[in-house]
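Residues per chain, in single letters:
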Amino acid sequence: MDRRKFIKNASLTGIGIAAGSTILSCAKTEKNKASKAVVNNNNFPIAICTWGFVNANAKAGQDLDAGINALDAAIAGVALEENDLLNTTVGNGGAPDREGNVTLDASVMDSNGNSGAVANVKNIANVALLAKKVMTETPHVMLAGKGAEAFAYTQGFKKENLLTEASKKAWEEWKQSSEYKPIINIENHDTIGMLCIDKAGDIAGACTTSGIAYKMKGRVGDSPIIGSGLFVDNQIGAAAATGLGEEIMKTVGSFLIVELMRNGMHPQQACEEAINRIVTKSNTYKNFQVAYIAINKAGQTGSYCIHEGFTYMKYQNGKNKNITSEAFIKT
Ligand code: SD4
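These numbers come from a predicted model, not from an experiment.

Engineer: What is the right way to read the overall build of the chain from this model?
Structural biologist: Of the regular secondary structure elements, the chain holds nine helices and 15 strands. A total of 331 residues make up the chain; the buried ones form 57% of that total. Pairs at least 24 apart in sequence give 64% of the contacts found in the chain among residues at least 6 apart. For the chain, the exposed area adds up to about 14,000 Å²; of that, 51% sits on carbon and sulfur atoms.

Below you can see the structure in the form of structure tokens.
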């Protein structure tokens, strides 16, 4: 069903959310009654992620097919990229800050509304799993810097030098000009944000990144900020972001998308509105990329970006597809 029909049907019939044969209403109040979608458990599980991270999304999808819950599947999926030394935008091998430090940001959210995050962490590759540990093993939501790293060792994480020879060489070349500007569609991949719906129909997500290459020391982006790089509401849906974190944070993009879906928007329409908020406020949007992906409780998905070139992966029924996102700027 396309999104216009979906919205029309939802508002005309006032249908509730049906989980299997059960009718659930995610919108108990009059105010929220537009937030309704047909849920069919035969659609599940589903995994989606930012960019063309084929293997990571397949891993999450296969884990979900095997009965793993949405959060652990998302963390296992993104870990493939965190461990990939050739990926210069996530985890080990990520591009450093302008002083040569590789520092990682990550967040997770489970289907009970719990969240965990780490920011500016050195020497630890699997920061999405570390974010889960913050969520489950501490009274806090976010740990940063040296404290996050020290906590990681108490949880059995190993210390790794995340600066590869290739990243070091690229950084040394960058230092010749030291020109800092956001790069649009870095190597056609970037931050990985992953959203999963498991067999039970529960939603969770993970987001992990090395952030913007050659950022200032201490800079933290949107990825570990709950509501900016990632937001999950198991009653409604989830969203994740990639691109220039400063712009995503100023508009609290992922939270905005979930709230728009709560008010009845299809994920596609909600992603478009979140990008509209950025381009109407910024005079410089032509110089940077922001892209969103979203999924609702019924398993419908959407994506939108400023510049063409963004794609996202969708795994469902054993098929792992790369979908080209529509863009605000059309060439
Ligand atoms: C950040 N959103 O740190 C992340 C990284 C990214 O293009 O996606 N860069 O701002």
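Engineer: Any chance you could explain the environment of D202 here in plain terms?
Structural biologist: For D202, the position within the fold is in the loop between β7 (192-197) and β8 (203-209). A relative accessible area of 26% places D202 in the partly exposed class. Counting along the chain gives 158 residues from D202 to F44, while the straight-line C-alpha distance between them is 9.4 Å. Aside from chain neighbours lying at most four places away, what touches D202 is A70, S111, C196, I197, N234 and K297. Among the polar contacts made by the side chain of D202, one reaches the side chain of N234 at a distance of 2.9 Å.

Engineer: In this structure, what is going on with the sheet that holds strand β5 (residues 115-121)? I would like to understand it.
Structural biologist: Strand pairing in a sheet takes place through backbone hydrogen bonds and is either antiparallel or parallel in direction. The sheet built from eight strands is open, its strands ordered β6-β5-β4-β8-β7-β3-β13-β14 with mixed pairing. Where the open sheet ends on each side, the last strands, each with one partner, are β6 (142-144) and β14 (319-324). Looking at each pair of strands side by side, their axes are set apart by 10° on average, direction ignored. In terms of strand pairing, β5 meets β6 through three bridges, oriented parallel. In the strand pairing of β6, V118 is matched with L143.

Engineer: Whenever I open this one, the packing of aromatic side chains confuses me. Can you help?
Structural biologist: Each aromatic ring pair is specified by the distance between its two centres and by the angle formed by the two planes. Here the structure, examined in full by the defined rule, presents four aromatic pairs. Aromatic pair Y285 and F328: ring centres 5.6 Å apart, planes at 85°, arrangement edge-to-face. Of the two residues, Y285 sits in the loop between α9 (267-281) and β11 (290-296) while F328 sits in strand β15 (residues 327-329), which places them 43 residues apart along the sequence. K175 extends its terminal NZ or CZ atom over the ring of W171, reaching a point 3.9 Å from the ring centre.

Engineer: Explanation requested: the side chain of T50 in the structure shown.
Structural biologist: Note that T50 resides in strand β3 (residues 46-50). T50 sits in the buried class, given a relative accessible area of 0%. Polar side-chain contacts of T50 include one of 2.8 Å to the backbone oxygen of T191. A polar contact of 2.9 Å, which involves the side chain of T50, links it to the backbone nitrogen of G193. If sequence neighbours within four positions are ignored, T50 has contacts with T191, I192, G193, T242, I293, F310, T311 and Y312.

Engineer: Would you mind going over the sheet that holds strand β10 (residues 237-243) with me for this structure?
Structural biologist: Taken in spatial order, the five strands of this open sheet run β9-β10-β11-β12-β15, and their pairing is mixed. Every other strand in the sheet has two partners, leaving β9 (230-233) and β15 as the edge strands with one partner each. This sheet shows a mean twist of 10° between the axes of neighbouring strands, independent of strand direction. Packing against the sheet, helix α8 (residues 253-262) makes contact with β9, β10 and β11, and its axis sits at approximately 145° to β10. Where α9 meets the sheet, it contacts β11, β12 (301-307) and β15, and its direction lies at approximately 25° from that of β12.

Engineer: I would appreciate a short explanation of the pairing of β11 in the present structure.
Structural biologist: Looking along a regular strand, one sees side chains alternate from face to face of the sheet. By the criterion of burial, β11 is predominantly enclosed, with seven of the seven residues buried. Bridge analysis of β10 against β11 gives seven bridges, and the strand direction is antiparallel. By the bridge assignment, G243 is partnered in β11 with V290. Bridging between β11 and β12 involves five bridges; their strand directions are antiparallel. Within the sheet, the bridge partner assigned to I293 lies in β12 and is S303. Turn length for the β11-β12 hairpin, with the two strands adjacent in sequence and antiparallel, is four residues, and the turn residue G299 shows positive phi of about 90°.

Definitions and limits used
- Residues numbered from 1 in each chain as written.
- Predicted model: local features only at pLDDT ≥ 70, side-chain atom pairs only at ≥ 80, totals over all residues.
- Heavy atoms only, no water.
- Helix = DSSP H or I, 4+ residues; strand = E, 2+ residues; numbered from the N terminus.
- Buried < 20%, exposed > 50% of the residue type's maximum accessible area, 1.4 Å probe, protein only.
- Contact = heavy atoms within 4.5 Å.
- Areas by Shrake-Rupley, 256 points an atom, 1.4 Å probe, with all protein chains shown as cover.
- Polar contact = N/O pair within 3.5 Å; in protein donor to acceptor, adjacent residues only side chain to side chain.
- Pairing = 2+ DSSP bridges.
- Axes fitted to C-alpha atoms, helices over the stretch in contact; angles between N-to-C directions.
- Phe/Tyr/Trp six-rings, centres within 6.5 Å; stacked < 30°, edge-to-face > 60°.
- Lys NZ or Arg CZ within 6 Å of the ring centre and 35° of its normal.

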